[in-house]
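An overview of the molecular structure
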Amino acid sequence: MSNTIQDELELAKSKMIEEVIFQGKTLAKLTRDNVAIVEAMIRNDSAYIRSTDISVAPVYNRKGDVKYGGSSAYWMSLLKRVLIDNVLDGAYTYEEIIKGAVESVDRENSTHLNADKCGRQEITERICRFDRKEFVECLKDPDYKGMELIREISRKTSAEKRARSNPSFASKFCHYACFYVFEGTEYQDNYSIYDGILKTVLPLYLGYYKIVRKYDLGDYKDYRMAVDSIRKVSGIEISRNGFDHLLWYYHKGRL
């Protein structure tokens, strides 16, 4: 009789993320199989399941107070109906949809917008000030008017104390907006996620792929160009979404 446990462990080896070594550091190899492994793990991880479910609406207690604010997938799907289908759900105003989207992305990604006591409200108002057609253009073209959408969301809040800029949140909001609003189109993968983990490990991947151009990884435009240069030089067709998820999931417990 075979040893079932050992057989299972041996089989598990074939499901592990393939790795490469660079300057004594272990990196995730850029392959579509690795991306698929990570996407499967994220979609089966209880910490992230609700965020990707478009049916997960807000939950209220008997007093009408919010117990759970709804998933980013839920709010972005409503945003798609407004921006693409020109249909406004009678349950919410456009401003309420933007507010729900801002709060859900902030909550699910731990970007701490309200560390300054005003971030969520201010950023909601900034996004709402965009003409809706121009908002769509900004999502379709990240470089529109010098990355106006990223710049406007990122810029420092007006809080008297602890005023802060929010480039990580800005990238995540734009990323998930495109992911749901433009599902199945060429625009779905427009925005890279700007994240502390990714920013830390990106120089290793630039080095591994012998990319000598210097990028300012503190600047979102340069950061996105650095990601794209790695994707191109790797010779493997991987989406920005897949690249972000692979590096983030692989390295988040290793730093």
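The shown structure was predicted, so the numbers you read here are calculated from the model rather than taken from an experiment. (Residues numbered from 1 in each chain as written. Predicted model: local features only at pLDDT ≥ 70, side-chain atom pairs only at ≥ 80, totals over all residues. Heavy atoms only, no water.)

1. Here we look at the overall build of the protein
Tallying secondary structure elements over the protein gives 11 helices and 4 strands in all. Compactness check: the protein gives a C-alpha radius of gyration of 20 Å against a globular reference of 18 Å for 255 residues, within 12% of the reference. Each principal axis of the C-alpha distribution contributes one length, and for the protein these read about 60 × 50 × 40 Å. Relative to its 255 residues, the protein shows a buried fraction of 48%. Contacts spanning at least 24 positions in sequence make up 58% of the contacts within the protein whose residues lie at least 6 apart. Between the averaged position of the 40 positive side-chain charges in the protein and that of its 38 negative side-chain charges there is a distance of 4 Å. (Helix = DSSP H or I, 4+ residues; strand = E, 2+ residues; numbered from the N terminus. Rg over C-alpha atoms; globule rule 2.2 N^0.38 Å. Buried < 20%, exposed > 50% of the residue type's maximum accessible area, 1.4 Å probe, protein only. Contact = heavy atoms within 4.5 Å. Lys, Arg positive; Asp, Glu negative; His and termini not counted. Charge placed at Lys NZ, Arg CZ, Asp CG, Glu CD.)

2. Some thoughts on the packing of aromatic side chains
To describe a pair of aromatic rings, one takes the distance between the centres and the angle between the planes. Within this structure, the stated rule accounts for 12 aromatic pairs. Centroid distance Y74 to W75: 5.2 Å. Interplanar angle 80°. Geometry classified as edge-to-face. With a relative accessible area of 13%, Y74 lands in the buried category. Under the relative-accessibility criterion, W75 is labelled buried at 4%. (Phe/Tyr/Trp six-rings, centres within 6.5 Å; stacked < 30°, edge-to-face > 60°.)

3. Describing the environment of G64
Note that G64 resides in the loop between β3 (59–60) and β4 (66–68). For the pair G64 and V201, spaced 137 residues apart in sequence, the C-alpha to C-alpha distance is 44 Å.

4. Quick look at the state of the cysteines
Going through the model one piece at a time under the given rule, you end up with 0 disulfides. The closest cysteine sulfur to the non-disulfide-bonded C138 is located on C174, 8.2 Å from its own sulfur. Here C138 falls in the buried class, since its relative accessible area comes to 1%. For the unlinked cysteine C178, the closest cysteine sulfur is that of C174, found at 6.7 Å. Owing to a relative accessible area of 0%, C178 belongs among the buried residues under this scheme. (Disulfide = S-S within 2.5 Å.)

5. Focus: the side chain of R231
Checked against the element boundaries, R231 lands in helix α10 (residues 220–234). A polar contact of 2.7 Å, which involves the side chain of R231, links it to the side chain of D228. With sequence-adjacent residues up to four places away left out, R231 is seen in contact with D189, I236, I238, S239, R240 and F243. (Polar contact = N/O pair within 3.5 Å; in protein donor to acceptor, adjacent residues only side chain to side chain.)

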